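Residues per chain are reported as follows:
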Amino acid sequence: AVPGGSSNLKQVKLDRESELRIEVSDEPLRLRVVNGTAEIFGAELPPEIWRTFPPRLKFAVFTWYGATIEMDGVTETDYTADETPMVSYVNVHAILDARRRFAKASTSTDSDSPQGPRVIVVGPTDSGKSTLTKMLISWAAKQGWKPTFVDLDVGQGSITIPGSIAATPIEMPLDPVEGFPLDMALVYYYGHTTPANNVELYKTMVKELAQVLERQFLGNPESRAAGMVINTMGWIDGIGYELLLHAIETFNASVVLVLGQEKLFSMLKDVLKSKSNVDVVKLHKSGGVVARNRDYRKVARSSRIQEYFYGLSKELSPYANTSSFSDVQVFRIGGGPQAPRSALPIGSDPVSNPLRVTPVNIEERDVLHSILAVSYAEEPDQIVSSNVSGFVYVTEVDVLRKKITYLAPSPGALPSKILVAGSLTWLESH
Ligand code: ATP
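Residues numbered from 1 in each chain as written. Predicted model: local features only at pLDDT ≥ 70, side-chain atom pairs only at ≥ 80, totals over all residues. Heavy atoms only, no water.

### Some thoughts on the overall build of the protein chain
Here is step 1: From N to C terminus, the protein chain includes seven helices and 23 strands.
Here is step 2: Taking 430 residues into account, the globule formula puts the C-alpha radius of gyration at 22 Å, and the protein chain, at 23 Å, falls close to it.
Here is step 3: The buried share of the protein chain, taken over its 430 residues, is 49%.
Here is step 4: Considering only residue pairs separated by 6 or more positions, the protein chain has 72% of its internal contacts joining residues 24 or more positions apart.
Here is step 5: If you sum the accessible surface of the protein chain, you get close to 20,500 Å²; carbon and sulfur atoms cover 51% of it.
Here is step 6: Averaging the coordinates of the 43 positive side-chain charges in the protein chain and doing the same for the 49 negative ones gives two points 2 Å apart. (Helix = DSSP H or I, 4+ residues; strand = E, 2+ residues; numbered from the N terminus. Rg over C-alpha atoms; globule rule 2.2 N^0.38 Å. Buried < 20%, exposed > 50% of the residue type's maximum accessible area, 1.4 Å probe, protein only. Contact = heavy atoms within 4.5 Å. Areas by Shrake-Rupley, 256 points an atom, 1.4 Å probe, with all protein chains shown as cover. Lys, Arg positive; Asp, Glu negative; His and termini not counted. Charge placed at Lys NZ, Arg CZ, Asp CG, Glu CD.)

So, in structure tokens, the structure goes:
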């Protein structure tokens, strides 16, 4: 409510199996459930409690049995829809749930014993992949499972900043505002917002991540039975399609959920038909999914980075640190942008070695305004196969004094002096 001004309270009554779709305006919106039960992308809203949703967020409040919702604020749009694919989504959940129970009931620990579902969600951009992933994760967590969420979409970054691929165990339904927790995440820094920049590196990191999860599952029957839900990027033709197949194979996916595209569904169904242990399932895209253009995505990426350092509502203050050039080592993986083989003249070689690690000369200042990952590697040749502990943002390079200044989310010395650069930069705007 505007202090001293009129409040914009509005009540909406939702029938069973319908949803209120909201695009928040440039001002935050407050919302609560006054009657009945409702959920946001699989996470139930506690009754009566006001929640504040940040500007420009797009979401839906869905109810299975009917609810009354109260909103306080002005939205960009809000409307009610009673045609949703939610029943088909929850049916998928029920099947996954049965498989988890089956896996849990089998006490054997050998690696051939039944294990929980490994679900991969694929589809074109803006088909609602991330949203479906969230629902499946939250519904599973609500029933006490601890599924692993895997994010292979380097374009947006739902666990941490864009340019990363990451995984994290989920123990509770997701918070509709905060999203995925970061504190237990396993993160690899690929460094670019599309796999096209360095396809080999992307595949290598996907493989690393899969191998680490595979090892963790062996020692953890609970995670193994809960399985994983993997979110992918919207690039589904050409190399993008090959990368999807690569991910399906690398993670040994057992369920492929194809959202909103007949062609992709039939292609995948066809190539995977020889594998009796993989189910390919077609699902409808929700009419509520909001298409986002290039500019919107760019802004969204930038706010993800801002969120990493400053928190969702700027409640955190990052620490500015200064180091001597000699106290840090910055590396880059691969050459410049790599053209796909098909784009090169026949017979010519794409970049010599896409996994080569080369030191970056900080004095050349091209790391200024870059996002650098702090690697767990102890030696440069371990960089490609190492995960990262977090990120810093280079705010100043002082060539005369040989000092580099950066923002970090926590104070004190960096956990490692090996830093990794990609092509991800950021211009702070506040
Ligand atoms: P990408 O192309 O980035 O991979 P995606 O396929 O994962 O996109 P989502 O991120 O799931 O698509 O959805 C796009 C946007 O639409 C998001 O902002 C999401 O919150 C919103 N959205 C999805 N479903 C609904 C709905 N039923 N009602 C309102 N908004 C929705």
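### Focus: the site of the ligand
Here is step 1: Looking at the ligand, there are 21 residues lining it, with Glu19, Lys58, Ser130, Thr131 and Arg292 nearest.
Here is step 2: At 2.6 Å, a side-chain N or O of Ser130 approaches an oxygen atom of the ligand.
Here is step 3: In isolation the ligand exposes 630 Å². Once the protein is present, 93% of that is buried.
Here is step 4: For the shell around the ligand, the secondary structure elements donating two or more residues are β2 (18–24), β7 (58–63) and α2 (129–142). (Near = heavy atom within 4 Å. Polar contact = N/O pair within 3.5 Å; in protein donor to acceptor, adjacent residues only side chain to side chain.)

### Here we look at the confidence of the model for the protein chain
Here is step 1: Averaged over all residues, the pLDDT of the protein chain equals 92, while 92% of them reach at least 70.
Here is step 2: Scoring the predicted complex yields pTM 0.93 and, for the interface, ipTM 0.98. (pLDDT = per-residue confidence, 0-100.)

### What to know about the packing of helix α5 (residues 239–250) against helix α6 (residues 262–271)
Here is step 1: α6 packs onto α5 with a crossing angle of 45 degrees between their chain directions and a minimal axis gap of 12 Å. Put simply, α5 runs oblique to α6. Between α5 and α6 the crossing geometry is right-handed. Here Tyr241, Leu244, Leu245 and Ile248 of α5 come into contact with α6, specifically with Leu264, Met267, Leu268 and Val271.
Here is step 2: Looking at the contact of α5 with α6 residue by residue, the class counts come to eight nonpolar, no polar and no charged. (Axes fitted to C-alpha atoms, helices over the stretch in contact; angles between N-to-C directions. Parallel < 35°, antiparallel > 145°, perpendicular 65-115°, else oblique. Left-handed = near helix turned anticlockwise from the far one by under 90°. Nonpolar A, V, L, I, M, F, W, Y, C, P; charged D, E, K, R; others polar.)

### Here we look at the pairing of strand β12 (residues 164–169)
Here is step 1: Extensive coverage of β12 is indicated by the burial of five of its six residues.
Here is step 2: Here strand β11 (residues 148–151) runs beside β12; their pairing, made up of four bridges, is antiparallel. Counterpart to Phe149 in the pairing with β12 is Thr168.
Here is step 3: Relative to strand β13 (residues 186–189), β12 is paired through four bridges, and the arrangement is antiparallel. Within the sheet, the bridge partner assigned to Ile165 lies in β13 and is Tyr188. (Pairing = 2+ DSSP bridges.)

### Remarks on the pattern of salt bridges
Here is step 1: Going through the model one piece at a time under the given rule, you end up with 21 salt bridges.
Here is step 2: The salt bridge partner of Glu70 is Arg32, with a shortest N-O separation of 2.8 Å. Separated by 38 residues along the polypeptide, Glu70 in strand β8 (residues 67–72) and Arg32 in strand β3 (residues 29–36) bring together distant segments of the chain. For the pair Glu70 and Arg32, a shared accessibility class is recorded, and that class is buried. (Salt bridge = Lys/Arg side-chain N within 4 Å of Asp/Glu carboxyl O.)

### Looking at the sheet that holds strand β1 (residues 9–14)
Here is step 1: Taken in spatial order, the four strands of this open sheet run β1-β8-β3-β6, and their pairing is antiparallel. Taken across any chain shown, the strands that pair with only one partner, and hence form the sheet edges, are β1 and β6 (51–53). Within the sheet, the average angular offset between the axes of one strand and its neighbour, ignoring direction, is 30 degrees.
Here is step 2: Pairing between β1 and β8: six bridges, direction antiparallel.

### Structural notes on the sheet that holds β2
Here is step 1: The antiparallel open sheet is built from five strands, whose spatial order is β5-β4-β7-β2-β9. Strand pairing shows two members of the sheet lacking a second neighbour, β5 (43–44) and β9 (75–81), which therefore form its edges.

### Digging into the environment of Asn252
Here is step 1: Tracing the sequence through the fold places Asn252 in the loop between α5 and β15 (255–259).
Here is step 2: Counting along the chain gives 148 residues from Asn252 to Lys104, while the straight-line C-alpha distance between them is 19 Å.
Here is step 3: With near-sequence residues (within four places) excluded, Asn252 lies in contact with Arg118 and Glu214.

### Notes on α5
Here is step 1: Between its first and last C-alpha, α5 extends 16 Å over twelve residues, near the 16 Å set by a 1.5 Å rise per residue.
Here is step 2: Residues of α5 that are buried make contact with β10 (118–122), α3 (199–218), β15 and α6.
Here is step 3: Phi turns positive one or two residues past the end of α5, at Asn252, with a value near 55 degrees. (Expected span 1.5 Å × (residues − 1).)

### Side note on the packing of aromatic side chains
Here is step 1: Applying the stated criterion to the full structure yields eleven aromatic pairs.
Here is step 2: Seen from their ring centres, Phe62 and Trp64 are 4.7 Å apart, and the 80 degrees between their planes marks the pair as edge-to-face. The same class applies to Phe62 and to Trp64, which are both buried.
Here is step 3: For the pair Tyr190 and Tyr202, a centre-to-centre distance of 5.6 Å together with 80 degrees between the ring planes defines the contact as edge-to-face. Linking Tyr190 in the loop between β13 and α3 with Tyr202 in helix α3, this pair joins segments that are twelve residues apart in sequence. Each member of the pair Tyr190 and Tyr202 is classed as buried.
Here is step 4: Three or more aromatic residues link up through ring pairs in this structure, and these residues are Tyr189, Tyr308, Phe309, Phe391, Tyr393 and Trp426. (Phe/Tyr/Trp six-rings, centres within 6.5 Å; stacked < 30°, edge-to-face > 60°.)

### Here we look at the packing of helix α1 (residues 86–105) against α2
Here is step 1: At their nearest, the axes of α1 and α2 sit 10 Å apart, and the two run at 50 degrees to each other. Viewed along their axes, α1 and α2 adopt a mutual orientation that is oblique. In this structure, α1 meets α2 at a crossing whose hand is right-handed. Side by side, α1 and α2 meet where Met86, Tyr89, Val90, Val92, His93, Leu96 and Arg100 of the first sit next to Leu132, Met135, Leu136, Trp139 and Ala140 of the second.
Here is step 2: Grouping the constituent residues of the contact of α1 with α2 by class yields ten nonpolar, one polar and one charged.

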